[in-house]
Amino acid sequence: MPVAYDVQASLLGSLNAKFDPDDEEHEENIHKIKYSTNFNFQSNNGMSFFYTDKIAFTVRQNRIYKHNFGHQIKFGAETKDEENRMVLALDVPEQGKPFSFLMHSETVLEIVPNKLHDMPPELESTCSSCQQRYVLTKGDSWKKQENFMDLASEEFGMQAKASYFDCEANFASSTGNFLNKFSSYFAMENKTPRDFYTAFTFGLIQLNSFFMYFPQAESCGVAFEWSQSSYNPVSEMKLSFRGDMDENNRGGGGQFKLKGDLDLIGDIVREHNMFFKFEYENDRPNVHTLREVFPKQAFSMKLVRKQFDLGAFNVPDYSFCVDLTQKLSVENNKYFFMDLNSEQKALTDAAISFGPNSNCDSNNHMVRITGKSSTTEEARNQLKSKWYYYSCMAQKKSKEYHNFPLTDPCFFTADDLYTLRHFKFGVETINLP
């Protein structure tokens, strides 16, 4: 029997980094930084169980990371169309020096004697055909060797390649599993509270954990490269944008707008325009402990690629547009009234259009979505059996509270009551390619 155990971790590697603020080509209010980083790391962490003082049984995970990237970043401010904008620009690496990273991980089981160069006599006497070191695997038939991304676009002037190798991880078994793996990181269903901010920030933490503990127990390797295209390459990506927030809009609502341009710069400049707008109305009293629910909210997005010539080939204007409006049936005073007998509902109206036009109204490809989301009678009946419902009703009857009790039981009750559980959507497609 093992008589002791030990947790081990080690890290071997090299890191070369260079950061060079460049003032030779000075632009007003624009700062430039040239950087180059190359690192190679190998890490091991595991656990050892010692048998007497002669032998140890070890389980460890061996990870290898190799990254190479180095470009120029520019950031600052500029004036465009009589507007002050933030600017961020990044050089696209040449094919001979691509942005690249490689990761590989495997789980190793081994028997380690106190004399490293010898075969453990205990292993040799009991199982002469057994290996001293064994990589945990399901077998060669489970190993995945596949390019899951191979993009080379002359229109965008860039190319990207990504592949699996020696990979037994479940997410590599199919495109669906791959999308499910990474979409779950930024989903709201597995996080609390269920809002976009929590989904995004916690998703970044989960994504970071995936790379730090890549993958899990399975063997898997992933390689990625990004660089300029072979023909009509883009040497720089430049993003300029401006955001405006107005919380003093009509009816206590607000509006957020983001306007920007994305230019892919080379011998040929590809210009792209972006516009986002989120608008909401809110006549509810400001109680910070209640979930943000707006009687009406609207989202608009417009992405436009401007026409340009690519040699003898003309690339036309192209736009992608999204409009979404959602209305709730909650009346002004019903946020605190808690009507247990009426159905609460939200009406959704959305449109997605795209096509070779700069104007969204002229797009000939369209998807229209209409929907109704509502509470259910079953949920309202089940609510009456919850502990927080009984506590809230008792607090409402007491003389201590003159209005809606701002207590945890009543917040839980209101949140349960107005949670939408029945969804019905209709989709209409027009002239899809």
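About the thresholds
Residue positions are counted from 1 within each chain, in the order its sequence is given. Per-residue local features of the predicted model are confined to residues with pLDDT of at least 70, and side-chain atom pairs are confined, for both listing and counting, to 80 or more; whole-chain, interface and lining totals are unaffected and use all residues. Only hydrogens and water are removed before side-chain values are computed, so all heavy atoms of the structure are retained for them. Stacked, edge-to-face and tilted are the three classes for Phe, Tyr and Trp ring pairs, Trp counted by its six-membered ring, which pair at centre distances within 6.5 Å; planes under 30 degrees apart are stacked, over 60 edge-to-face, the rest tilted. Numbered from the N terminus, helices here are DSSP runs of H or I no shorter than four residues, and strands are runs of E no shorter than two. The rule is simple: take the accessible area with a 1.4 Å probe, protein chains only, and divide by the maximum for that residue type; under 20% is buried, over 50% is exposed, in between is partly exposed. Patch definition: residues above 30% relative accessible area lacking any salt bridge, with like charges linked at up to 9 Å and the nonpolar side chains Val, Leu, Ile, Met, Phe, Trp and Tyr linked at up to 5 Å. Here the open area of atoms and residues is found with the Shrake-Rupley method and a 1.4 Å probe, where only the protein chains shown may cover a residue. Any Lys or Arg side-chain nitrogen found within 4 Å of a carboxyl oxygen on Asp or Glu counts as a salt bridge. Any two cysteine sulfur atoms within 2.5 Å of one another count as a disulfide. An expected span of 1.5 Å times one less than the residue number is assigned to each helix. Throughout, the arc means the angular range of directions from the helix axis out to the C-beta atoms. What makes two residues a contact is simply this: any of their non-hydrogen atoms within 4.5 Å. Note on terminology: a nonpolar core comprises buried Ala, Val, Leu, Ile, Met, Phe, Trp, Tyr and Cys residues joined through side-chain atoms within 4.5 Å. Think of it this way: DSSP has to see at least two bridges between two strands before they count as a pair. Only the contacting stretch of a helix is used when fitting its axis, a line to C-alpha atoms as for every element, and angles between N-to-C directions run 0 to 180 degrees. Between 65 and 115 degrees an angle is taken as roughly perpendicular, under 35 as roughly parallel, over 145 as roughly antiparallel, and anywhere else as oblique. A crossing counts as left-handed when the near helix is turned anticlockwise from the far one by less than a right angle, and as right-handed when that turn is clockwise.

### Here we look at the packing of aromatic side chains
No. 1: Evaluation of the coordinates by the stated rule reveals 22 aromatic pairs.
No. 2: Between the aromatic rings of Phe99 and Trp226, the centroid separation amounts to 6.4 Å while the plane-to-plane angle is 70°, which identifies the pairing as edge-to-face. Note that Phe99 is positioned in strand β5 (residues 99-113) and Trp226 in strand β9 (residues 220-228), a separation of 127 residues in sequence.
No. 3: Here Trp226 falls in the buried class, since its relative accessible area comes to 16%.

### Things to note about unusual backbone geometry
No. 1: Notably, Asp166 is not glycine yet its phi reads approximately 50°, a positive angle.
No. 2: For Asp166, the position within the fold is in strand β8 (residues 158-167).
No. 3: Even without glycine at this site, Asn431 takes up a positive phi of about 55°.
No. 4: Residue placement: Asn431 occurs in the segment after β19 (422-430).

### Overview of a nonpolar patch on the surface
No. 1: A cluster of nonpolar residues, Met47, Phe49, Tyr51 and Phe57, forms a patch on the protein surface that exposes about 330 Å² of accessible area.
No. 2: Looking at which element gives the most residues to the nonpolar patch, the answer is strand β2 (residues 30-51), with three residues.
No. 3: When you line up the elements, Phe57 lands in strand β3 (residues 55-80).
No. 4: Judged by its relative accessible area of 37%, Phe57 falls in the partly exposed class.

### Considering the state of the cysteines
No. 1: Applying the stated criterion across every chain, the model contains three disulfides.
No. 2: For Cys167, the disulfide goes to Cys220, at an S-S distance of 2.0 Å. Taking the torsion about the sulfur-sulfur bond, which here is approximately -80°, the covalent link between Cys167 and Cys220 counts as left-handed. A residue pair is termed long-range when its members are at least 10 positions apart, and Cys167 in strand β8 and Cys220 in strand β9 qualify at 53 residues. Here the two residues Cys167 and Cys220 agree in accessibility, since each one is buried.

### As for helix α3 (residues 196-212)
Working note: α-helix, 3.6 residues per turn, so residues spaced by three or four point in the same direction.
No. 1: An ideal rise of 1.5 Å per residue puts 24 Å on 17 residues; α3 measures up with 24 Å between its terminal C-alpha atoms.
No. 2: Residues Thr198, Ala199, Gly203 and Phe210 constitute the buried set of α3. The buried residues of α3 all sit within an arc of 120° when viewed along its axis, so they share a single face. Exposed side of α3, more than 90 degrees from the buried face: Tyr197 and Ile205 are the residues found there.
No. 3: Looking at the buried side of α3, the elements it contacts are α2 (175-183).

### Overview of the nonpolar core
No. 1: Judged by nonpolar contacts, the single largest core of 22 residues is most densely connected at Tyr164, Cys167, Phe171, Phe214, Cys220, Phe224 and Trp226.
No. 2: Listing elements by their share of this core, those giving two or more residues are β5, β8 and β9.
No. 3: By residue number, the principal contributor to this core is β8, which donates five residues.
No. 4: Core analysis: the next-biggest nonpolar cluster, separate from the first, contains ten residues, Tyr388, Met393, Phe404 and Phe411 among them.

### Section: the pairing of β5
No. 1: With eleven of its 15 residues buried, β5 lies for the most part within the structure.
No. 2: As paired elements, β3 and β5 share 14 bridges and run antiparallel to each other. For Arg60, the partnering residue across the bridge sits in β5 and is Val108.
No. 3: Where β5 lies against β9, seven bridges are found, and the strand directions are antiparallel. Paired with Phe101 across the bridge in β9 is Phe224.
No. 4: Pairing between β5 and strand β6 (residues 133-135): three bridges, direction antiparallel. Looking at the pairing, Glu110 lines up with Arg133 of β6.

### Regarding the environment of Met212
No. 1: Mapped onto the secondary structure, Met212 falls in helix α3.
No. 2: According to the relative accessible area criterion, Met212 is partly exposed, its value standing at 48%.
No. 3: Setting aside residues no more than four positions away along its own chain, Met212 makes contact with Arg63 and Tyr65.

### Let's talk about the packing of helix α5 (residues 387-397) against helix α6 (residues 408-417)
Between two packed helices, what matters for the description is the angle formed by their axes and the separation of those axes.
No. 1: Two numbers describe how α5 lies on α6: the axes approach to 8 Å, and their chain directions differ by 120°. It follows from the interaxial angle that α5 and α6 lie oblique. The element α5 and its partner α6 pack so that their crossing is left-handed. Counting all contacts with α5, which are made through Trp387, Tyr388, Tyr389, Ser391, Cys392 and Gln395, the residues of α6 involved are Pro409, Cys410, Phe412, Thr413 and Asp416.

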